[in-house]
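# Observations on the model geometry
The chain contents come next:
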Amino acid sequence: MTSPVDQQWAERIRALAAEKDAVILAHNYQVPEIQDVAHHVGDSLALSRVAATVPQSTIIFCGVHFMAETAKILSYDKTIIIPDERAGCSLAETITAEQLREWKAQHPGAVVVSYVNTTAAVKAETDICCTSSNAVEVVQSIPADVPVLFCPDQFLGAHVQRMTKRKNMHIWMGECHVHAGINGSELKAMVAAEPEAELFIHPECGCATSAMYLASEGVVPQERTHILSTGGMLDAARTTTAKKVLVATETGMLHQLRKVNVTTDFQPVNRAAVCKYMKMITPEKLENALMNGTDVVDVPRDIADRARASVERMIAIGTPSRVGE
Ligand code: 13P
Ligand code: SF4
């Protein structure tokens, strides 16, 4: 239940946003107060789409830096603000533009598919971006005889390779420290303790690979194991009739899941799966960002122009994932 103080804070934030002609976007991993006050909440693909179409002149991006950069790339004339520019991403840091150029030189003719969790400079070297909700469709859109360089997440890459059965796909060995920390043995123990529960697993998890293996071995039930983006989890939560769902992703996700379905019991596979970067965005910093217009996110125009083509190709292919208001 919202306390009167929280309510007053939320009203102040919405009034400030209206006064500054700003829209507040929040990723599903943000703290509950921020998710509740935002104009739009969603996964990275849904938020990219919203950023490209909102009428306001300013976007306050409550998420991590690469997401705010993507908003800048898509809406270059708008002012993009992140409440704390130090909110990075350990996965985005696993590949630089220079490393990608060297990798491309080793595979001439290959198509580069980069997860949106990359810097603008890496996107500028990319043919087509993807998110966890459309990675399979993006790779399927590339002719079967053309080699693919997939970066930077090895677990998402393994998931895509399994789904597309593509042999000519090279995968960069990056990982997110939060999701890599959710491992198969933990999952196996949880499933053993909760034999009736459904499983929602983000494809960045170390356990995504072993969950598929365990499912094929019959250790975890295949029909109750779902590999989903954060937006896909929300769609599945709206319709599930399961009493209990075990959720393998950053714990901020539980807030939206519990909001859209109050009868199912959603529990984390790993309570310690907390992204310290996502949690750098606090209610106080959001208010400060609205009042003082900081931190502004900028991307050099030449990099933004090259990166835009790869992001727009992704948006054109993207599967629809719902965004909350
Ligand atoms: P989604 O694309 O599923 O929102 O995930 C983004 C992310 O950062 C995962 O850690
Ligand atoms: Fe990056 Fe991982 Fe945090 Fe997502 S959860 S923003 S991939 S560090």
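Residues numbered from 1 in each chain as written. Chains lettered and ligands numbered in written order. Predicted model: local features only at pLDDT ≥ 70, side-chain atom pairs only at ≥ 80, totals over all residues. Heavy atoms only, no water.

As recorded by an unreviewed UniProt entry, the protein chain carries the name quinolinate synthase and is attributed to freshwater metagenome. What UniProt records for the protein chain under Cofactor (unreviewed entry) is the sentence "[4Fe-4S] cluster". Taken verbatim from the UniProt record of the protein chain, the Pathway (unreviewed entry) comment is "Cofactor biosynthesis; NAD(+) biosynthesis; quinolinate from iminoaspartate: step 1/1." (UniProt positions renumbered as here; feature names shortened; annotations may be inferred.)

### Concerning helix H8 (residues 154-164)
The complete set of buried residues in H8 reads Gln154, Phe155, Leu156, Gly157, His159, Val160 and Thr164. With a side-chain oxygen positioned 3.0 Å from the backbone nitrogen of phenylalanine 155, the residue opening H8 is aspartate 153. Phi turns positive, to about 55°, at lysine 165, one or two residues after H8. (Buried < 20%, exposed > 50% of the residue type's maximum accessible area, 1.4 Å probe, protein only. Helix = DSSP H or I, 4+ residues; strand = E, 2+ residues; numbered from the N terminus. Polar contact = N/O pair within 3.5 Å; in protein donor to acceptor, adjacent residues only side chain to side chain.)

### Details of the environment of proline 55
Among the secondary structure elements, proline 55 is positioned in the loop between helix H3 (44-53) and strand S3 (58-62). Once the C-alpha coordinates of proline 55 and valine 112 are considered, the two residues, 57 residues apart in sequence, prove to be 32 Å apart.

### A short note on the sheet that holds strand S7 (residues 148-151)
Strands sit in the order S6-S5-S7-S8 across an open sheet of four strands; the sheet is parallel. Here the strands that pair on one side only, and so sit at the sheet edges, are strand S6 (128-130) and strand S8 (169-171). On average, each strand axis in the sheet is inclined to that of its neighbour by 25°, with strand direction left out of account. Pairing between strand S5 (residues 111-115) and S6: three bridges, direction parallel. Each bridged residue has a counterpart across the sheet, and for valine 113 the counterpart in S6 is isoleucine 128. (Pairing = 2+ DSSP bridges. Axes fitted to C-alpha atoms, helices over the stretch in contact; angles between N-to-C directions.)

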